[in-house]
Amino acid sequence: YMLSDYSVGPLIVDVLRSLNLRDVVVEDLSYNVVAVYHRLIEDNYDKIVLVGARKTGNSDVGHIRVYELSEVKEPDEITLQRYVGDSVGGLIDIASIIYFLKFYAPELEEKILVIEIEAGEIREGNKMNYDVIKRLPYLLRLVLEKIGYENLYDIALRKLISIFADEYNVILGDQDGGIR
């Protein structure tokens, strides 16, 4: 992992991949938006849950938002082109995926749920913001609830705690998200 606020999606994907999730496809969609679009329309998914971090500046760092794609205002063409250009250039952002799908994939609109956390600044050394870290257990719980596997929360939390302890020497506390 390159630990930063924007690595929340791939981190959650790794935790979910460690679980036995029947009938759930878990995939890291950290690649260009056109490829993501093709990946999502090639199969007929019942539900698509997108998880990531985004800096909107409209909430406190660590605030979690849950919404359906149908609630997103369609982007203007200039904004959309900027996101597509950023994506093709290698800047992967959940906002670019959301706006691209909103504009080009109306057939997926009722299937897509977004769970995102307000990111802080990318900090020196690519360290994840404390306010993001302490909300990860709750974010993980929300994701598991939305995919119908809330019964695996304790196992998933142990995996998340293990990743932080083993790879970053950060000790996540209990399910309230305390950090030591």
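Up top you'll find the structure we're talking about.
Everything quoted here is computed from the prediction, not taken from an experiment. Counting starts from 1 at the beginning of each chain's written sequence and moves along it residue by residue. This being a predicted model, a pLDDT of at least 70 is required before a residue's local features are given, and a value of 80 or more before pairs of side-chain atoms are given or counted; all residues contribute to the totals for chains, interfaces and linings. Computation of side-chain values: all heavy atoms of the structure, hydrogens and water removed.

Novice: What exactly am I supposed to notice about the nonpolar core here?
Specialist: In summary, soluble globular proteins display a tendency toward joint burial of nonpolar side chains. The biggest cluster of nonpolar side chains holds 34 residues, and the ones touching the most others in it are Val-8, Leu-16, Leu-160 and Phe-164. Segments assigned H or I by DSSP are reported as helices when at least four residues long, segments assigned E as strands when at least two residues long, and all are numbered from the N terminus. Broken down by secondary-structure element, the contributors of at least two residues to this core are helix H1 (8-17), strand S3 (112-118), helix H5 (130-133), helix H6 (136-146) and helix H7 (153-168). Contacts are assigned to residue pairs that have any heavy atoms within 4.5 Å of one another. Setting aside its immediate chain neighbours within four residues, Leu-16 contacts Leu-21, Val-26, Leu-140, Val-143, Leu-144 and Ile-147. Here, the term nonpolar core denotes a set of buried Ala, Val, Leu, Ile, Met, Phe, Trp, Tyr and Cys residues that are joined through side-chain atoms within 4.5 Å. Relative accessibility decides the category of a residue: with a 1.4 Å probe and only protein chains considered, values under 20% of the type maximum give buried, values over 50% give exposed, and everything between is partly exposed.

Novice: I tried to follow the packing of helix H2 (residues 33-42) against helix H4 (residues 94-104) on my own but got confused; where do I start?
Specialist: Between two packed helices, what matters for the description is the angle formed by their axes and the separation of those axes. Only the stretch in contact is used when a helix axis is fitted, and all axes are lines through C-alpha atoms; the angle between N-to-C directions ranges over 0 to 180 degrees. Direction vectors running N to C along H2 and H4 enclose 60°, while the axes themselves pass 10 Å from each other. In terms of orientation, H2 lies oblique with respect to H4. As for how H2 packs across H4, the hand of that crossing is right-handed. In this structure, H2 uses Val-33, Val-34, Val-36, Tyr-37 and Leu-40 to contact H4, whose residues at the interface are Ser-96, Ile-97, Phe-100, Leu-101 and Tyr-104. Angle categories: roughly parallel below 35 degrees, roughly antiparallel above 145, roughly perpendicular from 65 to 115, and oblique for all the rest. Note: crossing handedness is left-handed where the near helix turns anticlockwise from the far helix by less than a right angle, and right-handed where it turns clockwise.

Novice: Explain unusual backbone geometry here, please?
Specialist: A negative phi holds for most residues other than glycine; trans holds for most peptide bonds. The backbone phi angle of Asp-23 is positive, close to 65°, even though this residue is not glycine. Along the chain, the position of Asp-23 falls in the loop between H1 and H2.

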